[in-house]
Amino acid sequence: MRVALGSDHGGLNIKNAVIEYLKESGIEFVDFGCYTEESVDYPEYAYKVATAITNKDADLGILCCGTGIGISMAANKVKGIRAAVCTNEFMAEMTRRHNNANIIALGGRIIDEPTAVKLADIFLNTEFEGDRHIRRVDMITAIENDTFKV
Ligand code: RB5
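Quantities reported herein were computed from a predicted structural model and do not represent experimental measurements. (Residues numbered from 1 in each chain as written. Predicted model: local features only at pLDDT ≥ 70, side-chain atom pairs only at ≥ 80, totals over all residues. Heavy atoms only, no water.)

**Describing the nonpolar core**
- Ranked by internal contacts, the top residues of the largest apolar core, which has 24 residues, are Val18, Leu22, Ile62, Ile104, Leu106 and Leu124.
- Looking at this core, the elements that each hand over two or more residues are β1 (2-7), α1 (12-25), β3 (60-65), β5 (103-107) and α5 (113-124).
- Apart from the residues within four sequence positions on either side, Leu124 is in contact with Met1, Val3, Tyr21, Leu22, Ile27, Leu60 and Ile62.
- Grouped together as the second largest cluster of nonpolar side chains are 20 residues, Val40, Ala52, Ile81 and Ile103 included. (Core = buried A, V, L, I, M, F, W, Y, C linked by side-chain atoms within 4.5 Å. Buried < 20%, exposed > 50% of the residue type's maximum accessible area, 1.4 Å probe, protein only. Helix = DSSP H or I, 4+ residues; strand = E, 2+ residues; numbered from the N terminus. Contact = heavy atoms within 4.5 Å.)

**Topic: the packing of α1 against α5**
- Close contact between α1 and α5 brings their axes to 9 Å; oriented N to C, the two are set at 55 degrees. When the axes of α1 and α5 are compared, the pair comes out oblique. Note that α1 runs across α5; the crossing there is right-handed. Within the contact between the two elements, α1 uses Asn13, Ile14, Ala17, Val18, Tyr21 and Leu22 and α5 uses Glu113, Ala116, Val117, Ala120, Asp121 and Leu124.
- Here the contact of α1 with α5 is composed, by residue class, of nine nonpolar, one polar and two charged. (Axes fitted to C-alpha atoms, helices over the stretch in contact; angles between N-to-C directions. Parallel < 35°, antiparallel > 145°, perpendicular 65-115°, else oblique. Left-handed = near helix turned anticlockwise from the far one by under 90°. Nonpolar A, V, L, I, M, F, W, Y, C, P; charged D, E, K, R; others polar.)

**Details of the packing of helix α4 (residues 89-97) against α5**
- Close contact between α4 and α5 brings their axes to 8 Å; oriented N to C, the two are set at 20 degrees. It follows that α4 is roughly parallel to α5 by the angle criterion. Along this stretch, α4 crosses α5, giving a crossing that reads as right-handed. Residues Glu89, Ala92, Glu93, Thr95 and Arg96 of α4 form the contact with α5, whose participating residues are Lys118, Leu119, Ile122 and Phe123.
- A per-class count over the contact of α4 with α5 returns four nonpolar, one polar and four charged.

**Some words on the site of the ligand**
- Lining the immediate environment of the ligand, one finds Asp8, His9, Tyr42, Cys65, Gly66, Thr67, Gly70 and Arg109.
- A distance of 3.3 Å separates an oxygen atom of the ligand from a polar side-chain atom of Arg109.
- Relative to its free-state accessible area of 290 Å², the ligand is covered by the protein chains to the extent of 71%.
- The residue inventory of the shell around the ligand, partitioned by class, reads two nonpolar, four polar and two charged. (Near = heavy atom within 4 Å. Polar contact = N/O pair within 3.5 Å; in protein donor to acceptor, adjacent residues only side chain to side chain. Areas by Shrake-Rupley, 256 points an atom, 1.4 Å probe, with all protein chains shown as cover.)

**Here we look at the sheet that holds β1**
- The strand order across the open sheet built from five strands is β2-β1-β3-β5-β4, with neighbouring strands paired in parallel fashion. What marks the edges here is a single partner per strand, and that holds for β2 (28-31) and β4 (83-85). Geometrically, the sheet is characterised by an average inter-axis angle of 20 degrees between neighbouring strands, direction not taken into account.
- Seen against the sheet, α1 touches β1, β2, β3 and β5 and runs at an angle of roughly 160 degrees to β1. (Pairing = 2+ DSSP bridges.)

**Here's the deal with the pairing of β2**
- Where β1 lies against β2, four bridges are found, and the strand directions are parallel. By the bridge assignment for β2, Arg2 is matched with Glu28.
- Read from β1 through α1 to β2, the crossover connection turns out right-handed. (Right-handed = clockwise from strand over helix to strand, strands pointing away.)

**Some words on the environment of Gly130**
- Within the secondary structure, Gly130 is located in the loop between α5 and α6 (132-144).
- Among the residues examined, Gly130 registers a relative accessible area of 8% and is labelled buried.
- For the pair Gly130 and Arg97, spaced 33 residues apart in sequence, the C-alpha to C-alpha distance is 7.8 Å.

**As for the pattern of salt bridges**
- In total, this model carries seven salt bridges according to the counting rule given.
- Salt-bridge contacts for Lys15 lead to Asp31; the nearest nitrogen and oxygen are separated by 2.9 Å. Here Asp31 lies in strand β2 and Lys15 lies in helix α1, a separation of 16 residues in the sequence.
- Among the residues examined, Lys15 registers a relative accessible area of 0% and is labelled buried.
- Judged by its relative accessible area of 19%, Asp31 falls in the buried class. (Salt bridge = Lys/Arg side-chain N within 4 Å of Asp/Glu carboxyl O.)

As structure tokens, then:
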């Protein structure tokens, strides 16, 4: 598995904590920045991680900003991306099991570093359940492609 990571300045601390966990776990990753606490614009990092996934350069993504909200909104504008803001363990598990999310979005001003690592670990180690959830995820894709029929 190859993981793509990105953050703005508001998510840098938790992204760095997640990177340490990935190194310790021997999980391959690519970090698209940012790399310093200088103020930057989160859509750039959302786009880099999202397109790494849609280009199949990475399997799953982890995006971090102050709240996780802005960076998830930007990532979700890329076709094929399902980015989910998660603030607790249940959300991190269920968004893989039911939504087949391919990016978890975390907030450095919302959760602490150990929580970010825990949520990333759950997200990366939980499989999509398939079954009835395939139909629902396919409906999301149909909305994205403007082919949704009510
Ligand atoms: C940056 O100050 C902040 O707006 C950003 O990190 C994020 O929280 C946006 O959703």
